Amino acid sequence: MAEAIGDPIIFYLFIGIAVAGTVAMIITFRPVSTMIPYAYPVARVRARIGRLITPRQLDEITELKNIEDMRNYLRGIPDYSKYVERYPIEKAIDVHLAEVYEFAAKIVPEDVKEVFKALLKRWDIENIKSLLIAKDAGLEVEEIVDMLIPVGELFDELEKLVEVENVEEVVYGLEGTEYSDILEDALTAYKEKGILLPFEAALDNYYLRNIIKAIKSVKTKNREILEHYFGSYVDISNIMLVLRAKVDKLKYEDIEPYLLPAGRQISEWKLRDLMEAENIREVIASLRGFDYEPILSDALPKYEKTKSISVFEEALENYLYKMGRKFLTRESLTVAPILAYLILKEKEIKNLKIIARAKREGIPESRIKKMLIN
C-alpha cells in the first residue's frame, strides 16, 4: 500500500489522519449515542405538551356555572374524558395524573428508568396518607373510598383497610409492606402528639430518599438536570416541614428524623438554624440570600391574614412550576422535556382542582381567577 501511495512519509501521514479521524468519530458518537434514546420519548412528550389545557381554555372552565358544567367541558378533552365518566371530578383528575406518570415511566430511556419508577411510589403514599387522615377524622367508609386513587402497587390492600376502626389499625394492616417500619415508628409520635405530621413527614421523607438514591445511579448528564429539580423539591419539602413544626410548636428533635439533608441550596446546619427561629417571620428572615426568601416574604401578608401555611406551599409550588417551563428550553434530547411535561401537567391538575373545589363552594369567578397558578 505504501508503494501505491508512492512515498513512505505520505503513507504514515495518511495513516495518522485516518487514526485521528476515527478517534474524532468515536468522541463525537458517544454523546450523540446517549441522545438518540431520547428522540422518540421526547417526541411523544412534546405531542402531549401540545395537548395541555391552554390559558383560554382555563378561562372558559373558570367561567362555567357549576361543577356539572365543568364535567361536561372535560368530557370534550380526550385526556380527561374517560376519567370524568367513571369518577367524581377531583378523583378523575387525580387518576389522569397517575396515568401521566405511568406513561412517563414506560417511555423514558434506561439511564433514568429507576428514577421514574421511584416517582410511581407517590400513589401508594398518597393513598396511605388519605387513609390515615380519614381514620383520624372519623370519616365514613363511602367518603374514604372516594378519597383513594385506584392506582399503585398497594391499592388492593389499602382498599381492604377502609373499614378498619382507627389509625393504629391502618398501620398494623400495612405490616409486611415496605412502609411498615416507618409507619410504626411514626405511630409512637402520633400517639404522643396527637397530630398526623409524623406520618406525613415520614412518608414524604421515604419517597424523596428513594428518588435521590435513584438519581445517584444516573451516569449521564441527565443527573445534573434531575438533581437541580429534585434538590429544589427537597429544599421546599424541608422548609414546609420547618414551617409546620413552628405552627405545631415542635422542636428540632421532633422533626430531625424527617428532614432530608440533600437539598440544592439548604444544608443540614441551615435547617437546624431555621428551627431556632422564634416564629414564622423569623424563619423567613433566616432564609435571606436563598431563592426561597423573596417568595415566602411575598406570601407572608396573606399568611398573617389567613394563618394558613398552605399559602407558603402554593407560592413554593409556583416556583417549581416556573422551573418546569425553563426546562423546556434546555437540551431537547435529554430528560429535561419529559420532566418539564410532568411539572406543567402538575400545574394544570392543581388549577383544575382549585376550580372544582371553588365551584362546589360557590366561590365567584373573579375570586377563582385570583386563586389560580399563573
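Predicted model, so just to flag it, every value in this text is computed and none were measured.

What counts, and where the lines are drawn
- Residues numbered from 1 in each chain as written.
- Predicted model: local features only at pLDDT ≥ 70, side-chain atom pairs only at ≥ 80, totals over all residues.
- Heavy atoms only, no water.
- Helix = DSSP H or I, 4+ residues; strand = E, 2+ residues; numbered from the N terminus.
- Buried < 20%, exposed > 50% of the residue type's maximum accessible area, 1.4 Å probe, protein only.
- pLDDT = per-residue confidence, 0-100.
- Contact = heavy atoms within 4.5 Å.
- Axes fitted to C-alpha atoms, helices over the stretch in contact; angles between N-to-C directions.
- Parallel < 35°, antiparallel > 145°, perpendicular 65-115°, else oblique.
- Left-handed = near helix turned anticlockwise from the far one by under 90°.
- Nonpolar A, V, L, I, M, F, W, Y, C, P; charged D, E, K, R; others polar.
- Core = buried A, V, L, I, M, F, W, Y, C linked by side-chain atoms within 4.5 Å.
- Salt bridge = Lys/Arg side-chain N within 4 Å of Asp/Glu carboxyl O.
- 1 Å grid on protein atoms, 1.4 Å probe; cavity = no way out; pocket = protein on both sides within 12 Å on 5 of 7 lines; lining within 4 Å.
- Points joined across faces, edges and corners; volume = space filled by probe spheres on them.
- Patch = residues over 30% accessible without salt bridge, like charges linked within 9 Å, V, L, I, M, F, W, Y side chains within 5 Å.
- Areas by Shrake-Rupley, 256 points an atom, 1.4 Å probe, with all protein chains shown as cover.
- Lys, Arg positive; Asp, Glu negative; His and termini not counted.
- Charge placed at Lys NZ, Arg CZ, Asp CG, Glu CD.
- Expected span 1.5 Å × (residues − 1).

**A short note on the environment of Glu 60**
Structurally, Glu 60 can be placed in helix H4 (residues 55-62). Residues Glu 60 and Met 70 lie 10 residues apart in sequence; the distance between their C-alpha atoms is 9.4 Å.

**Focus: unusual backbone geometry**
Residue Lys 249 is not a glycine yet carries a positive backbone phi of 55 degrees. Mapped onto the fold, Lys 249 is located in the loop between helix H15 (222-247) and helix H16 (252-255). Its relative accessible area of 73% is what places Lys 249 among the exposed residues. Phi angles above zero are rare outside glycine, and Lys 307 is one such case at about 60 degrees.

**Details of the confidence of the model for the protein chain**
Atomic detail in the predicted coordinates should be set aside for any region of low pLDDT. Averaged over all residues, the pLDDT of the protein chain equals 90, while 91% of them reach at least 70. The model gives residues 1-6 a pLDDT under 50, and that stretch makes 7 contacts with residues more than four places away or in other chains. A low-confidence stretch, residues 22-30 stays under pLDDT 50, and its non-local contacts, those more than four residues away or across chains, total 0 contacts.

**Quick notes on the packing of helix H3 (residues 39-49) against helix H7 (residues 89-107)**
The contact between H3 and H7 brings their axes to 10 Å, and the two run at 160 degrees. As judged from the angle between their axes, H3 and H7 are roughly antiparallel. Here H3 runs over H7; the crossing is right-handed. Facing H3, whose interface residues are Pro 41, Arg 44, Val 45 and Arg 48, H7 presents Glu 99, Val 100, Phe 103 and Ile 107. The residue makeup of the contact of H3 with H7, split by class, is 5 nonpolar, no polar and 3 charged.

**Observations regarding the nonpolar core**
Of all hydrophobic cores here, the largest spans 138 residues; its most connected members are Phe 116, Leu 132, Phe 199 and Phe 312. With 14 residues, helix H21 (residues 336-361) is the largest single contributor of residues to this core. Aside from chain neighbours lying at most four places away, what touches Phe 199 is Leu 132, Val 167, Val 171, Leu 183, Ala 186, Leu 187 and Tyr 190.

**Here's the deal with the pattern of salt bridges**
Where side chains of opposite charge bring their charged atoms close, a pairing between them can arise. Under the defined criterion, the tally for this structure stands at 23 salt bridges. For Glu 68, the salt bridge goes to Arg 71, with nearest N and O atoms at 3.7 Å. In this pair, Glu 68 and Arg 71 both sit in helix H5 (residues 67-75), 3 residues apart, roughly one turn of the helix. Its relative accessible area of 39% is what places Glu 68 among the partly exposed residues. Judged by relative accessible area, Arg 71 falls into the buried class, the value being 16%.

**Details of the layout of surface pockets**
Of the voids in this model, the second largest pocket is the one considered here, and its volume is about 380 Å³. What lines the second largest pocket is a set of 15 residues, and nearest its centre among them are Ile 53, Pro 55, Leu 58, Lys 347 and Asn 351. Looking at the lining of the second largest pocket, the elements that each hand over two or more residues are H4 and H21. Top element by residues in the lining of the second largest pocket is H21. It accounts for 4 residues. Considered class by class, the residues forming the lining of the second largest pocket number 7 nonpolar, 3 polar and 5 charged.

**Quick look at a negative patch on the surface**
On the surface, Glu 140, Glu 142, Glu 143, Asp 146 and Glu 163 cluster together into a negatively charged patch. Within the secondary structure layout, Asp 146 lies in helix H10 (residues 141-147). Of the residues examined, Asp 146 reaches a relative accessible area of 44% and is grouped as partly exposed.

**A few points about helix H19 (residues 292-306)**
Taking 1.5 Å of rise per residue, the 15 residues of H19 would be expected to cover 21 Å, and the 20 Å separating its terminal C-alpha atoms lies within 8% of that figure. Among the residues of H19, those classed as buried are Tyr 292, Glu 293, Ile 295, Leu 296, Ala 299, Leu 300 and Tyr 303. Once H19 ends, the next one or two residues include Lys 307, with phi positive near 60 degrees.

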